[in-house]
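Commentary on secondary and tertiary structure
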Amino acid sequence: MNKPGIHLYPSSPLGEHIEGIATGREVDWQPLVDYRRNGVSETTIHGAVAWAHGNELIHSFGGNVLCYGRSMMKPFMIRVFADELGSKTNWKQRAISVSSHNGDAIHVATAQSLLPESQWGFMQTPLDVPLIQFGRQVRRPRRWFHTCSGEHAGILRGCSEKGWPMAGYMLPHHPFFAAYLEQVRRFLGPDWTPKRLGRDGCGLPTMANTVAELSQLFSGLAATRNEDWIWEAIQRHPDLVGGFNRLDSTIIKSCDGAVLAKEGADGLLGMAIVHPDYPEGLGVVVKIAHGWNSQATWYIARSILGTLGFELRNPYSLHRQKAFIVEHVVPESLRENLETIPTWDEW
């Protein structure tokens, strides 16, 4: 007897072959950073890196890997409402609308301030607890603790201002998704279509892009940074975008307004970089193969940014291991610079 919706489930635990979509051992993952103990490699972190300058892919190390953009795409999603939110919100509210926050009190309060309490019921993030908790805290799961609550509140506020229905805002046939797709097509071409559309952990639609395509999008974000308030809001309030000890917040604070960084679930980091050698905007995207690993991503980001003249501190140290970067994370012209960027601190 077939159960309702059975066609949506896999038919085998080994997976199925889908033409044009690499899975398992077919995916072109590359080694990015190596953890060694007394010269012996104990852990190798695989992933993919792509660099784009304008519409040109200038460096790829596994950049043909297909993945979902997840929360890294929030600046493009919120651009749909740049005019509406720009005229009706303050800088903190704008920053929280592009955030993947830790769920601290300031994050929750700022996200809630985007909507009147009578509209809170429209917000449909999953129940969650704060991403980072200090000490022994027992929190009852709430929608507002979810890392995406600020974005959802921003979308709902934007829908209200545009006169779009607030109910159903997470569905792919809602006007919001069509407008978001146009933001992506602005940088990838008018005929671009995602190979797959999935449902993100927060419930919103997420599109499948190659890592190379994602780097093109972040290059475009740097090139068009003066068109709206998104870049400035993130630079003004980096700790609302992520929070304490978060990689994207730390990058933003370390680069004096020249880098917009955004993390995404399951091992994504996008960096939109303003640099004199890349007048059309530089976009660099890192994807970690096994998913979320902020420490490994941090080492890679420090090395990439260091070759461009930015100083990002090392993450908390490994225990009796040292991290070693694979030189192909940067273009060949910058590899000599990697020698000058240690992945450990002398102290």
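Just above sits the structure.
My aim in this report is to walk through the structure given alongside it, one point at a time. (Residues numbered from 1 in each chain as written. Predicted model: local features only at pLDDT ≥ 70, side-chain atom pairs only at ≥ 80, totals over all residues. Heavy atoms only, no water.)

Locating Val65 in the fold gives a position in the loop between β3 (56–61) and β4 (66–68). Val65 sits in the buried class, given a relative accessible area of 3%. Residues Val65 and Glu213, spaced 148 residues apart in sequence, show a C-alpha to C-alpha distance of 9.9 Å. In contact with Val65, other than residues within four places in its own chain, are Val27, Asp28, Trp29, Ala48, Asn209, Thr210 and Val211. (Helix = DSSP H or I, 4+ residues; strand = E, 2+ residues; numbered from the N terminus. Buried < 20%, exposed > 50% of the residue type's maximum accessible area, 1.4 Å probe, protein only. Contact = heavy atoms within 4.5 Å.)

Attention shifts here to the side chain of Arg302. If you trace the backbone, Arg302 turns up in helix α11 (residues 294–307). One polar contact links the side chain of Arg302 to the main-chain carbonyl oxygen of Leu312, over a distance of 2.6 Å. Sequence-distant contacts of Arg302, that is, excluding residues within four places in its chain, are made with Leu312, Arg313, Asn314, Ile341 and Pro342. (Polar contact = N/O pair within 3.5 Å; in protein donor to acceptor, adjacent residues only side chain to side chain.)

Another point: the environment of Ile230. Here Ile230 shows up in helix α8 (residues 230–236). On the basis of relative accessible area, Ile230 is assigned to the buried category, the value being 1%. For the pair Ile230 and Ser97, spaced 133 residues apart in the sequence, the C-alpha separation amounts to 9.4 Å.

The next thing to look at is the pairing of strand β1 (residues 30–37). Where a strand is regular, its side chains alternate between the two sheet faces. The pairing of β1 with strand β2 (residues 40–53) spans 7 bridges and is classified as antiparallel. For Arg36, the partnering residue across the bridge sits in β2 and is Ser41. Where β1 folds back onto β2 in an antiparallel hairpin, the turn is made up of 2 residues, including Asn38, whose phi is positive at roughly 50°. In the sheet, β1 pairs with strand β10 (residues 322–325) via 4 bridges, with the strands oriented antiparallel. Across the sheet, residue Asp34 finds its bridge partner in β10, namely Phe324. (Pairing = 2+ DSSP bridges.)

Here we take up the side chain of Asn314. Mapped onto the secondary structure, Asn314 falls in the loop between α11 and β10. Residue Asn314 is classed as buried on the basis of its relative accessible area of 5%. Separated by 2.9 Å, the side chains of Asn314 and Arg302 make a polar contact. From its side chain, Asn314 meets the backbone oxygen of Pro342 in a polar contact 3.4 Å long.

A contiguous nonpolar surface patch, about 370 Å² in accessible area, is contributed by Ile6, Leu8 and Tyr9. Positionally, Tyr9 belongs in the segment before β1. (Patch = residues over 30% accessible without salt bridge, like charges linked within 9 Å, V, L, I, M, F, W, Y side chains within 5 Å. Areas by Shrake-Rupley, 256 points an atom, 1.4 Å probe, with all protein chains shown as cover. Salt bridge = Lys/Arg side-chain N within 4 Å of Asp/Glu carboxyl O.)

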